[in-house]
Amino acid sequence: MNAKILTSLAALGSCAAMLAGTFPVSAAYAGPEEIALNLRPMTEDTQIHSADDSRMLVGHDAAQEGALLHFAVYIEADYADLAYISMKLGSDSEYLTFSEEGYQNPTLRTGETRTYTLPDGTSFTTDFQPYCLGKLNSQGDYLPDSLGVSATFKPDTLSINWNYSYSDTDALSPQFFGGISDYYSLVEFNVQLAPGTPPGEYHLSFIPAEPGITGQMVQRTYISSDDSVGKETNLVRTIPQMKDVTVVVLPEYEILDRTQIWRMHFTDEEGTLTQSDFPETIRIARPSADGSYEMLDVPFSSLGIEVPGTTPAELGKTLTGIRTLGALTYEGSPVYDTDYRESMLVQMAGVKGDVNFDGKCNANDASQALFYAAKVGAKQKNVRLADGTPEKETLAYFLADVDGASRTRGADGSAINAKDASYMLVYAARNGAGLDPRWEDIIG
Ligand SMILES: [Ca+2]
Ligand SMILES: [Ca+2]
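Throughout, a residue's number is its position along its own chain's written sequence, starting from 1. Ligands are numbered from 1 and chains lettered from A, in the order in which they are written. Since the coordinates come from a predicted model, pLDDT governs what is reported: local features require at least 70, and pairs of side-chain atoms require 80 or more to be given and counted, while whole-chain, interface and lining totals use all residues.

Caption draft 1: Structural context of the sheet that holds strand β25 (residues 322–327). Spatial strand order, β22-β28-β25: three strands in an open sheet with mixed pairing. Both outer strands of the open sheet, β22 (262–266) and β25, are each paired with one neighbouring strand and no more. When strand polarity is set aside, the average angle formed by the axes of neighbouring strands in this sheet is 15°. Any two strands are treated as partners once DSSP identifies two or more bridges connecting them. Every helix listed is a DSSP run of H or I at least four residues long, and every strand listed is a run of E at least two residues long, numbered separately from the N terminus. Bridge count between β22 and strand β28 (residues 344–350): five bridges; the pairing is parallel. Pairing of Phe266 across the sheet is with Gly350, part of β28. Its contacts with the sheet place helix α5 (residues 390–400) against β22, β25 and β28, and it is angled at close to 35° to β28. For helices, the fitted line uses only the C-alpha atoms of the stretch in contact; every axis is such a line through C-alpha atoms, and the angle between N-to-C directions lies from 0 to 180 degrees. Here contacts are defined at the residue level, using C-beta atoms placed from the backbone and a cut-off of 7 Å between them.

Next comes the structure, spelled out in structure tokens:
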């Protein structure tokens, strides 16, 4: 049978279904709002996927050893009137490679017979692995009902093409197997996580089809369906919604609140930085692959950092006023921050009231603080004082909040507001008049 006859058979079947009132007049998927391909993590012993299905968490030990991660592609759609599904998936990291190991083509027999029960209570026995586009015929036999599924594995891409075919007219139905489109997966496969993969986020994504130079779609991810029920076959190509997945490789130790490992000074402070400037204990977390954290309060002295005797004045002379003292380690393992960067102990110093880091406090700083306060008051999002790193933003906040000196960007309840700006203006005016102002006299 050629493809045209096969699809015409399907059109006849769709027509019968339409007459029975169970099927839309036009069965073509017209746009991505109607149909989605959904890449989801599947549970295995080496890792547990979180309740949030778009992420797979991999624990530290599994990442050290390397793990075979199991994924499935599901369809979210209203009806199984699909003619062709082309999928191309890509990995954004050499640490994640598509693996042919364990791949099971759903149209081939597995050799292992099992019994399954559908949501309506129907039971059947088969040595196929049931999938969303399979069918039961009137004898109750499970049939894959596809001309074929082909998969091409490359380390950084996986191409899968599913072809429509109804091999048995008994099985003809616009319903997905099990009645729900994502009751069964469309296809399942493995991805190899390389041994020693560092903590971080890695992505597996569908690569969408694009119009080529000849007007034909460049074959990546699209679906086609039949838009003229009972008439000539007319396949409509649609780029569906594509729901990707993030693989999160967890560190062994993580610091959840970075502010506690930052030390901030004003450049006119006396003395040198010593270990006593830091809290005696630091809270670090040990994340697990089920999404929970074990909290550990560890002595600062166990974090592997030598605190050198730099004075705030010396530090203040550097361009940014920010100095990295070293990376935190605990029991020989690096401690990571919440962005999966190795966590650093940072010392920072600046001139009080100098929001723009030019070494002096004047009207420019006051207006910058005022703008910031106004934007925050207007509930604007992602308002920033300084362009750059979180460290620099935190230092800018500390310098701008002249009456509160918040070291936590206001999380301690102290805020930047119009009062701070007016203190800055007074300070600048007295300084301009050569009065050698002191902040304690201005703030009172
Ligand atoms: Ca300034
Ligand atoms: Ca303030």
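Caption draft 2: Summary view of the environment of Thr97. Secondary-structure assignment places Thr97 in strand β6 (residues 96–99). Here exposure depends only on C-beta density: within 10 Å of a residue's C-beta, 20 or more other C-beta atoms make it buried, 12 or fewer make it exposed, and intermediate numbers make it partly exposed, the C-beta atoms being placed from the backbone. The exposure class of Thr97 is partly exposed, given the 18 C-beta atoms found within 10 Å. Sequence spacing of Thr97 and Leu158 is 61 residues, and the spatial spacing of their C-alpha atoms is 9.3 Å. Apart from the residues lying within four places of it in its own chain, the contact partners of Thr97 are Ser91, Pro155, Asp156, Val191 and Gln192.

Caption draft 3: Expanded view of the pairing of strand β20 (residues 245–249). Residue alternation in β20 divides its side chains into a buried set, Val245, Val247 and Val249, and an unburied set, Thr246 and Val248. The pairing of strand β3 (residues 55–58) with β20 spans four bridges and is parallel. Opposite Arg55, over in β20, you have Thr246 as the bridge partner. Bridge count for strand β14 (residues 200–206) against β20 is five bridges, and the pairing is antiparallel. In the strand pairing of β20, Tyr202 is matched with Val247.

Caption draft 4: Spatial organisation of α5. Counting buried residues in α5 gives eight out of eleven residues, a clear majority hidden from the surface. Among the residues of α5, Glu391, Thr394, Leu395, Ala396, Tyr397, Phe398, Leu399 and Ala400 are the ones counted as buried. For α5, the elements touching its buried residues are β22, β25, β28, α4 (363–377) and α6 (418–432).

Caption draft 5: Fine view of the nonpolar core. Remark: nonpolar core denotes a set of buried Ala, Val, Leu, Ile, Met, Phe, Trp, Tyr and Cys residues whose joining runs through C-beta atoms within 7 Å. Grouped together as the largest cluster of nonpolar side chains are 54 residues, with contacts concentrated most on Val58, Cys132, Leu186, Leu193 and Val247. Element by element, the count of residues in this core is highest for strand β4 (residues 67–76), at six residues. Among residues more than four places away in sequence, those in contact with Leu193 are Val58, Ala63, Gly66, Ala67, Leu69, Tyr95 and Leu96. Formed by 36 residues, the second largest nonpolar core is a distinct cluster that contains Leu303, Ile322, Ala396 and Ala421.

Caption draft 6: Quick look at the packing of α4 against α6. Contact geometry for α4 and α6: axes closest at 8 Å, N-to-C directions at 175°. Accordingly, the angle class assigned to the pair α4 and α6 is roughly antiparallel. Residues Ala363, Asp365, Ala366, Ala369, Leu370 and Ala373 of α4 pack against Ala418, Asp420, Ala421, Met424, Leu425 and Ala428 of α6. Residues are sorted three ways: Asp, Glu, Lys and Arg are charged, Ala, Val, Leu, Ile, Met, Phe, Trp, Tyr, Cys and Pro are nonpolar, and all the rest, Gly among them, are polar. Split by residue class, the contact of α4 with α6 holds ten nonpolar, no polar and two charged. Put simply, angles under 35 degrees are roughly parallel, angles over 145 are roughly antiparallel, angles from 65 to 115 are roughly perpendicular, and the rest are oblique.

Caption draft 7: View of the sheet that holds strand β1 (residues 36–42). The five strands are arranged β6-β13-β4-β1-β19 in an open sheet whose pairing can be described as mixed. The sheet terminates laterally at β6 and β19 (241–243), the two strands that pair on one side only. Across the sheet, the mean angle separating the axes of adjacent strands is 30° when strand polarity is ignored. Of the pairings in the sheet, the one linking β1 to β19 comprises three bridges and is parallel in character. Counted as the bridge partner of Leu37 is Met242 from β19.

Caption draft 8: Inspection of α4 at higher detail. A helix is expected to reach a length of 1.5 Å times the quantity of its residues less one. Here α4 is 15 residues long and its end C-alpha atoms lie 21 Å apart, about the 21 Å a rise of 1.5 Å per residue gives. Taken together, the buried positions of α4 are Asp365, Ala366, Ala369 and Tyr372. Along the axis of α4, the buried positions cluster into a sector of 125°, meaning they face one direction only. Among the structural elements, α5 and α6 are those in contact with the buried residues of α4. Directly beyond the C-terminal end of α4, a positive phi value near 60° is found at Lys379. As used here, the arc is the angular range of directions from the helix axis to the C-beta atoms.

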